[in-house]
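The primary structure of each chain is shown beneath.
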Amino acid sequence: AVVSTQSTGGRFEKNSKIHKQNAVFQVLGTLMLWFGWYGFNCGSTLGLGDSLSNTAAKVGVATTISAATSGTCTVLLSFFLDRKFDPGVVCNGILAGLVS
């Protein structure tokens, strides 16, 4: 493992900067993941039986609220710390809210 990390050519140095990618594709990918998350969370609930449609609706609301709240909190925290709006931070916050 030590040999493989040394061969990366300065990628893991202390002051190395990670260059950002295309923000539009990052936002579109996040929205696609968010949409797919409904199929994962709500769809798995509907597979248990017909009487659980009310539970699937509650799971959908919880998924929406957690992702939106996490994205809002990260953008506000990022703005207060860096004084700028960054779409990458919002996307990471949304994904963190979906995972949690």
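See the structure above.
Residues numbered from 1 in each chain as written. Predicted model: local features only at pLDDT ≥ 70, side-chain atom pairs only at ≥ 80, totals over all residues. Heavy atoms only, no water.

**Student:** Looking at this structure, how should I read the side chain of threonine 63?
**Tutor:** Structurally, the position occupied by threonine 63 is in helix 3 (residues 53–82). You can call threonine 63 buried: its relative accessible area is 5%. A polar side-chain atom of threonine 63 sits 3.1 Å from a polar atom in the side chain of asparagine 41. In this structure, threonine 63 is in contact with Trp34, Trp37, Tyr38, Asn41 and Leu98, ignoring residues within four places of it in sequence. (Helix = DSSP H or I, 4+ residues; strand = E, 2+ residues; numbered from the N terminus. Buried < 20%, exposed > 50% of the residue type's maximum accessible area, 1.4 Å probe, protein only. Polar contact = N/O pair within 3.5 Å; in protein donor to acceptor, adjacent residues only side chain to side chain. Contact = heavy atoms within 4.5 Å.)

**Student:** What should I look at first to understand a nonpolar patch on the surface in this one?
**Tutor:** Side chains of Val24, Phe25, Val27, Leu28, Leu31 and Met32 sit close together on the surface and give an oily, nonpolar patch of about 600 Å² of accessible area. Mapped onto the secondary structure, phenylalanine 25 falls in helix 2 (residues 23–46). (Patch = residues over 30% accessible without salt bridge, like charges linked within 9 Å, V, L, I, M, F, W, Y side chains within 5 Å. Areas by Shrake-Rupley, 256 points an atom, 1.4 Å probe, with all protein chains shown as cover. Salt bridge = Lys/Arg side-chain N within 4 Å of Asp/Glu carboxyl O.)

**Student:** In this structure, what is going on with unusual backbone geometry? I would like to understand it.
**Tutor:** Glycine aside, negative phi is the norm for most residues, and most peptide bonds take the trans geometry. For arginine 83, which is not a glycine, the phi torsion comes out positive at approximately 60°. Residue position: arginine 83 is located in the loop between helix 3 and helix 4 (87–99). Given a relative accessible area of 57%, arginine 83 falls into the exposed group.

**Student:** How should I be thinking about the packing of aromatic side chains in this particular structure?
**Tutor:** Centre-to-centre distance and the angle between the planes together describe a pair of aromatic rings. In total, this model carries 3 aromatic pairs according to the counting rule given. Between tryptophan 37 and phenylalanine 40, the aromatic rings sit 6.4 Å apart at their centres with planes inclined by 70°, giving edge-to-face as the arrangement. Highlighted residues: tryptophan 37 and phenylalanine 40, both in helix 2, separated by 3 residues, approximately one helical turn. Members of the aromatic cluster, each reached through a chain of ring pairs, are Phe79, Phe80 and Phe85. (Phe/Tyr/Trp six-rings, centres within 6.5 Å; stacked < 30°, edge-to-face > 60°.)

**Student:** Is there a simple way to explain the environment of lysine 20 in this structure?
**Tutor:** Relative to the helices and strands, lysine 20 is located in the loop between helix 1 (2–6) and helix 2. Accessibility expressed as a relative area gives 61% for lysine 20, which makes it exposed. Sequence separation between lysine 20 and glycine 88 is 68 residues; the distance between their C-alpha atoms is 8.5 Å.

**Student:** Would you mind showing me how to read helix 3 here?
**Tutor:** Count 3.6 residues to each turn of an α-helix, and residues three or four apart come out pointing the same way. Look at helix 3: 43 Å from first C-alpha to last across 30 residues, which is about the 44 Å you get at 1.5 Å a residue. For helix 3, the complete set of buried residues consists of Ala56, Gly60, Thr63, Ala67, Ser70, Gly71, Val75 and Ser78. Among the residues trailing helix 3, arginine 83 stands out with phi positive, at a value near 60°. (Expected span 1.5 Å × (residues − 1).)

**Student:** Would you mind going over the packing of helix 3 against helix 4 with me for this structure?
**Tutor:** For any two helices packed against each other, one specifies the inter-axial angle together with the distance between the axes. Orientation of helix 3 relative to helix 4, taken along the N-to-C sense of each, is 145°, at an axis distance of 7 Å. Between helix 3 and helix 4 lies a crossing whose hand is right-handed. Of the residues in helix 4, those touching helix 3 at Thr63, Ser66, Ala67, Ser70, Gly71, Thr74, Val75 and Ser78 are Val89, Val90, Gly93, Ile94, Ala96, Gly97 and Leu98. (Axes fitted to C-alpha atoms, helices over the stretch in contact; angles between N-to-C directions. Left-handed = near helix turned anticlockwise from the far one by under 90°.)

**Student:** It is not clear to me how the side chain of serine 78 should be interpreted in this structure. Could you clarify?
**Tutor:** In this structure, serine 78 sits in helix 3. Residues within four places of serine 78 in sequence aside, it is in contact with Arg83, Lys84 and Val89.

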